[in-house]
Amino acid sequence: MKKIGNGSLVLGVIIVNYNAGDLLADCVQAVLASPIDLEVFVSDNGSRDGSLTRLRRHQGGDPRLTILEHGSNLGFAQGNNLVLAHTRAPYLLILNPDCIVGPDSLGQLLDFMDATPDAGMAGCMIRNPDGSEQRSARRRIPTPRIGLTRFLYLGRFFPQLTRNERLDLIDDPVPEGPVPVEAVSGALMLVRRSALEEVGPLDEGYFLHCEDLDWFMRFRRAGWKLYLVPNVAVVHHQGSCSTGRPIAVEWHKHKGMVRFFRKFQLRDYPLPFGVLVVIGIWAHFGLFLAVYGLRRLAGRGRKR
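The structure displayed is predicted, hence computed values, not measured ones. (Residues numbered from 1 in each chain as written. Predicted model: local features only at pLDDT ≥ 70, side-chain atom pairs only at ≥ 80, totals over all residues. Heavy atoms only, no water.)

Student: What's the story with a nonpolar patch on the surface in this structure? I'm lost.
Tutor: Taken together, the side chains of Leu 271, Val 275, Leu 276 and Ile 279 make up a nonpolar region of the molecular surface, amounting to roughly 400 Å² of accessible area. In this fold, Leu 271 is placed in helix H10 (residues 271-303). (Patch = residues over 30% accessible without salt bridge, like charges linked within 9 Å, V, L, I, M, F, W, Y side chains within 5 Å. Areas by Shrake-Rupley, 256 points an atom, 1.4 Å probe, with all protein chains shown as cover. Salt bridge = Lys/Arg side-chain N within 4 Å of Asp/Glu carboxyl O. Helix = DSSP H or I, 4+ residues; strand = E, 2+ residues; numbered from the N terminus.)

Shown next as structure tokens:
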């Protein structure tokens, strides 16, 4: 592991912040406590919750920290891409502001990347604050078959028949060591710069959600492998930056699903089927709106 003080920058950490609250300062503090030569960039998308004030109060004097304020919400992909020109570190870590890394987490991941030259990207186990595994830690790239299985709850009624159509692999045994995977969690993505320069930055056509899936597909198509390193874990306070705007989050998520399908999968199916898939994605969003509205009405009724 690269120790602080050897004069060689190892890692550039990019944290896109949008109203992450107190977790932002906690996230940055945990990263800065890692015993490696690194620099941290907080790319702020117009936060108004005081998260930057607390960050400056607690870590503002650390020369390894740079805060870039954009004044408005540019989205996750653009918020990350704007930082790429500011660091020439051989490894880049895309980290959510609601993630807390352990003291040795980043060093262990870097050691793995150094020892695995075909690894373009690595992720780790993502855990809830109570220590349980989050579903996003181990997953597949979504396909129409997987989407239909989830939408119709077929896995609940036919678990054996749909075993290979599961998006989340949380029910599978945890691998004993690093393994190649289709996807890692977008909450923490450690990227090799040489691979990034070949593949390109995140697609800014996505505003929120699915830009990580797009990246995974492009890395794999370029011949780079993605690895899950299960002996390394971070705590992810999932959803802390988006709990106040569920409709907007779901809108961008479903819009991203459509873009991803059109970009990578549409050509594999007859056009009529592709049209049905897109209609199904937006029908799912409509179902979400209906359920959300009914729950809001029920909540108001209980308050009366």
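Student: Help me understand the side chain of Gln 134, please; the structure alone is not making it clear to me.
Tutor: Its location among the elements puts Gln 134 in the loop between strand S6 (119-127) and helix H5 (144-151). Note on Gln 134: relative accessible area 2%, which makes it buried. At a separation of 2.9 Å, a polar atom in the side chain of Gln 134 contacts the side chain of Asn 128. Side-chain polar atoms of Gln 134 contact the backbone oxygen of His 236, separated by 2.7 Å. Excluding its chain neighbours within four sequence positions, the residues that come into contact with Gln 134 are Ile 126, Arg 127, Asn 128, Ile 170, His 236 and Gln 238. (Buried < 20%, exposed > 50% of the residue type's maximum accessible area, 1.4 Å probe, protein only. Polar contact = N/O pair within 3.5 Å; in protein donor to acceptor, adjacent residues only side chain to side chain. Contact = heavy atoms within 4.5 Å.)

Student: Just to check I follow, could you spell out the pairing of strand S3 (residues 65-69) for this structure?
Tutor: Consecutive side chains along a regular strand alternate between the two faces of the sheet. Relative to S3, strand S2 (residues 38-44) is paired through five bridges, and the arrangement is parallel. Within S3, the position partnered with Asp 44 by the bridge is Glu 69. Handedness of the S2-helix H2 (residues 51-59)-S3 crossover: right-handed. (Pairing = 2+ DSSP bridges. Right-handed = clockwise from strand over helix to strand, strands pointing away.)

Student: Mind showing me how you'd approach the pattern of salt bridges here?
Tutor: Close approach of charged atoms lets side chains of opposite charge pair. Scanning the entire structure with this criterion turns up 15 salt bridges. We note a salt bridge from Lys 225 to Asp 118, for which the minimum N-O separation is 3.5 Å. Of the two residues, Lys 225 sits in strand S9 (residues 225-236) while Asp 118 sits in the loop between helix H4 (105-115) and S6, which places them 107 residues apart along the sequence. In the salt-bridge network here, residues are joined through shared partners; they are Asp 203, Asp 214, Arg 218, Arg 259 and Lys 263.

Student: What's the story with the packing of helix H8 (residues 211-221) against helix H9 (residues 246-264) in this structure? I'm lost.
Tutor: Packed helices, taken two at a time, are described by their axes: the angle between them and the distance between them. Viewed as axis vectors pointing N to C, H8 and H9 meet at an angle of 20 degrees, and their least axial separation amounts to 10 Å. Classified by the interaxial angle, the pair formed by H8 and H9 is roughly parallel. Both H8 and H9 take part in a crossing whose hand is right-handed. Here Leu 213, Asp 214, Met 217, Arg 218 and Arg 221 of H8 lie close against H9, whose contacting residues are Phe 260, Lys 263 and Phe 264. Tallied by class, the residues present in the contact of H8 with H9 amount to four nonpolar, no polar and four charged. (Axes fitted to C-alpha atoms, helices over the stretch in contact; angles between N-to-C directions. Parallel < 35°, antiparallel > 145°, perpendicular 65-115°, else oblique. Left-handed = near helix turned anticlockwise from the far one by under 90°. Nonpolar A, V, L, I, M, F, W, Y, C, P; charged D, E, K, R; others polar.)

Student: Got a minute to help me understand the packing of aromatic side chains in this structure?
Tutor: The description of an aromatic ring pair uses the distance of the two centres, along with the angle that the planes make with each other. Per the stated rule, a full pass over the model turns up ten aromatic pairs. Look at Phe 288 and Tyr 292: their rings are 5.8 Å apart centre to centre, the planes differ by 25 degrees, and that puts the pair in the stacked class. Residue Phe 288 and its partner Tyr 292 are located together in helix H10, separated by four residues, close to a single helical turn. The rings of Trp 251, Trp 282, Phe 285, Phe 288 and Tyr 292 are connected pair by pair, giving a single aromatic cluster. The ring centre of Tyr 206 lies 5.4 Å from the NZ or CZ of Arg 259, which sits over that ring. (Phe/Tyr/Trp six-rings, centres within 6.5 Å; stacked < 30°, edge-to-face > 60°. Lys NZ or Arg CZ within 6 Å of the ring centre and 35° of its normal.)

Student: Sorry if this is basic, but what is going on with the nonpolar core here?
Tutor: Side chains of a nonpolar character, in soluble globular proteins, are inclined to be buried together. Ranked by internal contacts, the top residues of the largest apolar core, which has 42 residues, are Leu 11 and Leu 95. Among the elements that take part in this core, helix H1 (residues 22-32) stands out by supplying seven residues, more than any other. (Core = buried A, V, L, I, M, F, W, Y, C linked by side-chain atoms within 4.5 Å.)

Student: Looking at this structure, how should I read the environment of Leu 23?
Tutor: Relative to the helices and strands, Leu 23 resides in helix H1. In this structure, the C-alpha to C-alpha distance between Leu 23 and Leu 55, residues 32 residues apart in sequence, is 9.4 Å.

Student: So what exactly am I meant to see when it comes to H8 here?
Tutor: Along an α-helix, residues three or four apart share an orientation, since each turn contains 3.6 residues. Across the eleven residues that make up H8, a large majority, nine, are buried. Among all positions in H8, only Glu 211, Asp 212, Leu 213, Asp 214, Trp 215, Phe 216, Met 217, Arg 218 and Phe 219 are buried. The positive-phi residue at the C-terminal boundary of H8 is Gly 223, with phi of around 95 degrees.

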